[in-house]
Amino acid sequence: MEVPLDLVRLSIDERVYVKCRNGRELRGRLHAFDQHLNLVLGDVEETLTNTQMDEETGEELIKKSTRTIGMLFVRGDIIVLISPPLRAA
C-alpha cells in the first residue's frame, strides 16, 4: 500500500462502513469509487441520527431511523470516514 486510496481499492466487493456529514452512517458493499472518493454502494443500510431538544424538559432527544437501499451513489465531499472490513492477520 502506497497511497490512502489503495486501502479503499482493497475493499472493492467488501462491506464497508461510511460515516457522512449530518449524522448519516452507511454500511454496504463497495462496488466502485473514483479519485474524488465518490462511491457506489450496494445493499446499503443507512442510519440517520437526529438530535432535538425537548422544550418541556430541556433534555436532548436522540432519534435514529434506518432504511435499506439497493444501490446508492455517495458524493465524496460528504464523506467523513471510510472503514474497510476487518481482516485477519
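All of the points below concern the structure found in this document. (Residues numbered from 1 in each chain as written. Predicted model: local features only at pLDDT ≥ 70, side-chain atom pairs only at ≥ 80, totals over all residues. Heavy atoms only, no water.)

Moving on to the side chain of E25. The topology assignment puts E25 in strand β2 (residues 24-33). The side chain of E25 sits in the buried core without any salt bridge; R27 is the nearest counter-charge, 4.1 Å away. One polar contact links E25 to Y17, side chain to side chain, over a distance of 3.4 Å. (Helix = DSSP H or I, 4+ residues; strand = E, 2+ residues; numbered from the N terminus. Buried < 20%, exposed > 50% of the residue type's maximum accessible area, 1.4 Å probe, protein only. Lys, Arg positive; Asp, Glu negative; His and termini not counted. Salt bridge = Lys/Arg side-chain N within 4 Å of Asp/Glu carboxyl O. Polar contact = N/O pair within 3.5 Å; in protein donor to acceptor, adjacent residues only side chain to side chain.)

With respect to the secondary-structure elements, T66 resides in strand β4 (residues 60-74). Along the chain, T66 and G42 lie 24 residues apart, while their C-alpha atoms are 16 Å from each other. Those residues in contact with T66, other than ones at most four positions away along the chain, are E45, E46 and T47. (Contact = heavy atoms within 4.5 Å.)

What follows covers the nonpolar core. Core analysis: the largest hydrophobic core is formed by twelve residues, namely V8, V16, V18, C20, L26, L30, L39, L41, V44, I69, V74 and I79. Residue assignment for this core shows that the elements contributing at least two residues are β1 (15-20), β2, β3 (39-53) and β4. Those residues in contact with C20 that lie beyond four places of it in its chain are L26, V74, I78, I79 and V80. (Core = buried A, V, L, I, M, F, W, Y, C linked by side-chain atoms within 4.5 Å.)

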